[in-house]
Amino acid sequence: MSNQVSSKRVDALWFGNTLVKILVSANHGSDGIAVIEHRMPHGDSPPMHVHRNEDEAFHILQGKMRFQVGQEQVVVGAGETVVAPKGVPHTYRVESPEGVRCLTVTKGPDFEGLIRMASRPATAEELPPPAGAPSPDMIEALVKACQTNHIDVVGAPLS
């Protein structure tokens, strides 16, 4: 198969409390573009982090999210896009009660690599069963997976 034709194979994974689908892998084309669809529950917020090698663009399909990129905070909804430039600390929080659906686009394998390393196969195309607060071992494993993929955890999630 050439790099110009995409197969419809989609990897569905449970990444923490979210459902992710890798729609386009960074390994597929010559520019290393990854397109990942996320379904996230209300209140979901990753720790503040920095991508060393890749910008991260978020396009909201459904719901509302609050982003902090550097010192700025913004609330965005369906049809809006936020870019977190590489090297700039950022995080978000899902604000809509029904959760959110968004696309994340990166150029390079790091974010996709983190997802593949820290996820488990989804057994259904829905959010995973709710998990309690992560244990210290789970946090340590996530931080290590981030470091392996050139992402540094630098602060707490948004509350």
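Residues numbered from 1 in each chain as written. Predicted model: local features only at pLDDT ≥ 70, side-chain atom pairs only at ≥ 80, totals over all residues. Heavy atoms only, no water.

### Here we look at the packing of aromatic side chains
For the structure on display, the rule yields three aromatic pairs. Both rings, one in phenylalanine 58 and one in tyrosine 92, keep their centres 5.8 Å apart while their planes meet at 65°; by these two values the pair is edge-to-face. Of the two residues, phenylalanine 58 sits in strand β5 (residues 56–62) while tyrosine 92 sits in strand β9 (residues 90–94), which places them 34 residues apart along the sequence. Taken individually, phenylalanine 58 and tyrosine 92 each receive the classification buried, so the pair is uniform in this respect. (Phe/Tyr/Trp six-rings, centres within 6.5 Å; stacked < 30°, edge-to-face > 60°. Helix = DSSP H or I, 4+ residues; strand = E, 2+ residues; numbered from the N terminus. Buried < 20%, exposed > 50% of the residue type's maximum accessible area, 1.4 Å probe, protein only.)

### Quick notes on the pattern of salt bridges
One pass over the full model with this rule turns up seven salt bridges. The partner of lysine 21 in a salt bridge is glutamate 125, with the nearest N and O atoms 2.6 Å apart. Linking lysine 21 in strand β2 (residues 18–24) with glutamate 125 in the loop between β11 (120–121) and α2 (136–148), this pair joins segments that are 104 residues apart in sequence. For arginine 101, the salt bridge identified is with glutamate 37, shortest N-O distance 2.6 Å. Placement of the pair is arginine 101 in strand β10 (residues 100–107) and glutamate 37 in strand β3 (residues 33–40), with a sequence separation of 64 residues. The class of arginine 101 is partly exposed, set by a relative accessible area of 26%. (Salt bridge = Lys/Arg side-chain N within 4 Å of Asp/Glu carboxyl O.)

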